[in-house]
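Observations on the model geometry
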Amino acid sequence: MGGEMRSGELADDRNAAVRTFLDRIEETAKVLNGLDSVVVCTHHDCDGMTSGGIMAQALKRAQIPVETIALKQLYSEDVERLKKMGKWIIFTDFGSSYINQLHAAMGSDFIVIDHHQKGNGAHEYHVNPMEFGLDGGTEISAGGIAYLVAKAMSRKNRDLAALGVVGACGDMQDSRSNGLLGMNASILLNDGIEEGVLEVKTDLRLYGRISRPLAQYLMFSTSPILPELTANKDNCMRFLENLGIELQQRDGKWRSYEDLNPDEKKVLSTGLVMHLHEHNTPEWKLKELIGEVYTLTREDRYSPLRDAKEFSTVLNSCGRNGRSDVGFQVCMGDRGDYYQRALGLLQEHRRNLAEGIQLMQTQGLQEYK
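Predicted model, so just to flag it, every value in this text is computed and none were measured.

Here we come to the sheet that holds strand E2 (residues 66-71). The five strands are arranged E2-E1-E3-E4-E5 in an open sheet whose pairing can be described as parallel. On the outer flanks of this sheet lie E2 and strand E5 (126-127), each paired with one strand and no other. Two elements, strand E1 (residues 38-43) and E2, share six bridges in a ladder whose sense is parallel. Note that in E2 the partner of His-43 across the bridge is Leu-71.

Pasting the structure below:
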């Protein structure tokens with residue numbers, strides 16, 4: 001009885017915290033809708049690009065002129081440069097640990113949309129779940145928070161929920177429970193499904209279900225590692241052939257997981273579970289195999305942007321190659337020149353991964369002092 005009461009009290013406390021957090025979001029959205037011009041300054045990783053992209057799109061739709069800047073870190077010289085621009089600044093996916101410095105430089109003319117641990121200082125437009133006792137590591141990422149602000153600005157922005165989910169996946173918030181939790185699930189996923197921009201299903205969670213040929217889909221698996229299959233292309237091809245799964249279409253195109261029919265998907269899933277059991281894989285690793293996958297329904301069927309985790313890798317490939325500007329434009333909706341550049345950076349990222357795997361195969365682990 002006492003345990004049930006305590007559980008109910010915790011649920012009430014959390015609901016109250018969510019309501020107060022959403023109130024802060026509403027207040028911030030009102031300020032944004034009244035501005036003449038804005039600079040969006042965002043972190044250079046996937047969650048930064050998605051949160052910055054969501055805010056920039058929402059501002060453009062509100063016909064508010066917006067400039068964008070992506071940074072790896074917020075240095076004092078960056079703060080001074082931003083101050084000289086003489087505009088309201090929105091910091092996305094960072095800024096919480098710099099509240100006092102930002103106040104000293106800019107007064108109150110800035111907004112922070114972040115989910116990381118906060119430093120000292122308070123600010124009227126500091127939108128961070130940590131401020132309200134909510135978990136910014138599992139409940140919602142900067143992309144999700146930016147989406148909530150955008151939705152509060154106008155319900156026409158509900159289509160941006162899909163980009164918020166990409167941010168959460170890029171931040172690995174789906175990895176602990178093989179699916180999204182908290183506000184990621186109760187708000188972002190629900191809005192995205194209702195808006196027709198997201199599809200959620202339980203399936204194999206191996207990376208690359210859209211864009212990788214089947215053998216590579218297994219060969220590059222690291223969550224979980226597939227004994228005798230991960231990093232071994234020949235074994236992967238034999239494994240699939242033994243299951244009776246055709247590797248190529250009639251036109252010669254290599255098939256991906258999404259090209260399989262439901263029966264073939266079931267055969268492959270069952271085969272992988274049995275394979276892991278045969279190799280005495282721990283139960284907790286087996287659980288990594290199946291879970292939620294997120295499809296962005298408005299993206300092309302064969303585009304890596306159609307899968308939330310693959311979309312996040314495209315963005316991280318841009319950031320790691322020093323081209324956050326390319327990823328940002330993809331978040332803004334570019335499916336032309338910038339998208340092609342992003343695919344090129346993704347190929348470079350994959351080459352680096354392949355070379356790393358080859359190095360491990362030929363040299364193995366080397367221990368240093």
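Read on, since the account is not over.
Turning to a negative patch on the surface, a few remarks are in order. The grouping of Asp-23, Glu-26, Glu-27 and Glu-124 at the surface amounts to a negative patch. By the element assignment, Asp-23 lies in helix H1 (residues 2-33).

This model, assessed by the stated rule, comprises five aromatic pairs. Aromatic rings pair up to connect Phe-91, Phe-94 and Phe-110 into one cluster. Between Arg-341 and the ring centre of Tyr-338, over which it is positioned, the NZ or CZ distance is 4.6 Å.

Let us look at the confidence of the model for the protein. Any residue range with low pLDDT should be treated as having predicted coordinates unsuitable for detailed reading. Across the protein, pLDDT averages 91, with 97% of residues at or above 70. Taken element by element, the predicted model of the protein shows its lowest mean pLDDT in H1 (83) and its highest in helix H5 (residues 142-153) (98).

Moving on, we come to helix H13 (residues 324-331). Among the eight residues in H13, six count as buried, and that is most of the element. Within the span of H13, buried status applies to Ser-324, Val-326, Gly-327, Phe-328, Val-330 and Cys-331. Residue Gly-333 follows H13 closely and has a positive phi angle near 110°.

The tendency in soluble globular proteins is for nonpolar side chains to be buried side by side. If you look at the biggest cluster of nonpolar residues, it comprises 67 residues, and the most contacted ones within it are Phe-21, Leu-32, Met-55, Leu-59, Ile-90, Ile-113 and Val-165. Every residue in contact with Val-165, bar those within four places of it in the chain, is listed here: Leu-180, Leu-188, Leu-189, Leu-198, Tyr-294 and Ala-308.

Criteria and thresholds
Sequence order as written defines the numbering, with residues in each chain counted from 1. Local features in this predicted model are restricted to residues of pLDDT 70 or higher, and side-chain atom pairs are both shown and tallied only at a pLDDT of 80 or more, whereas totals for entire chains, interfaces and linings draw on every residue. No hydrogens and no water enter the side-chain calculation; it runs on all heavy atoms of the structure. DSSP-based pairing: two strands are paired if at least 2 bridges between them are found. Working definition: helices are DSSP H or I runs of at least four residues, strands are E runs of at least two. Numbering for both runs from the N terminus. Surface patches are drawn from residues lacking salt bridges whose relative accessible area is over 30%; two like charges belong together within 9 Å, two nonpolar side chains (Val, Leu, Ile, Met, Phe, Trp, Tyr) within 5 Å. For accessible areas, the Shrake-Rupley method is used with a probe of radius 1.4 Å. Any residue's cover is judged against the shown protein chains and nothing else. We define a salt bridge as a contact between a side-chain nitrogen of Lys or Arg and a carboxyl oxygen of Asp or Glu at a distance within 4 Å. Within this scheme the basic residues Lys and Arg register as positive and the acidic residues Asp and Glu register as negative, but His and the chain ends are omitted. For charged residues, the charge sits on one atom: NZ in Lys, CZ in Arg, CG in Asp, CD in Glu. By convention, a stacked pair of Phe, Tyr or Trp rings (six-membered ring in the case of Trp) has centres within 6.5 Å and planes under 30 degrees apart, an edge-to-face pair has planes over 60 apart, and any other such pair is tilted. Placement of a positive charge over a ring is assigned whenever Lys NZ or Arg CZ falls within 6 Å of the ring centre and within 35 degrees of the normal to the ring plane. Values of pLDDT, which run from 0 to 100, indicate the predictor's confidence residue by residue. Buried residues are those whose accessible area, probed at 1.4 Å on protein chains only, stays under 20% of the maximum for their type, while exposed residues exceed 50% and partly exposed ones sit between those limits. Only buried residues count toward a nonpolar core. Its members are Ala, Val, Leu, Ile, Met, Phe, Trp, Tyr and Cys residues joined through side-chain atoms within 4.5 Å. The contact definition used throughout considers only heavy atoms, calling two residues in contact when any of these lie within 4.5 Å.

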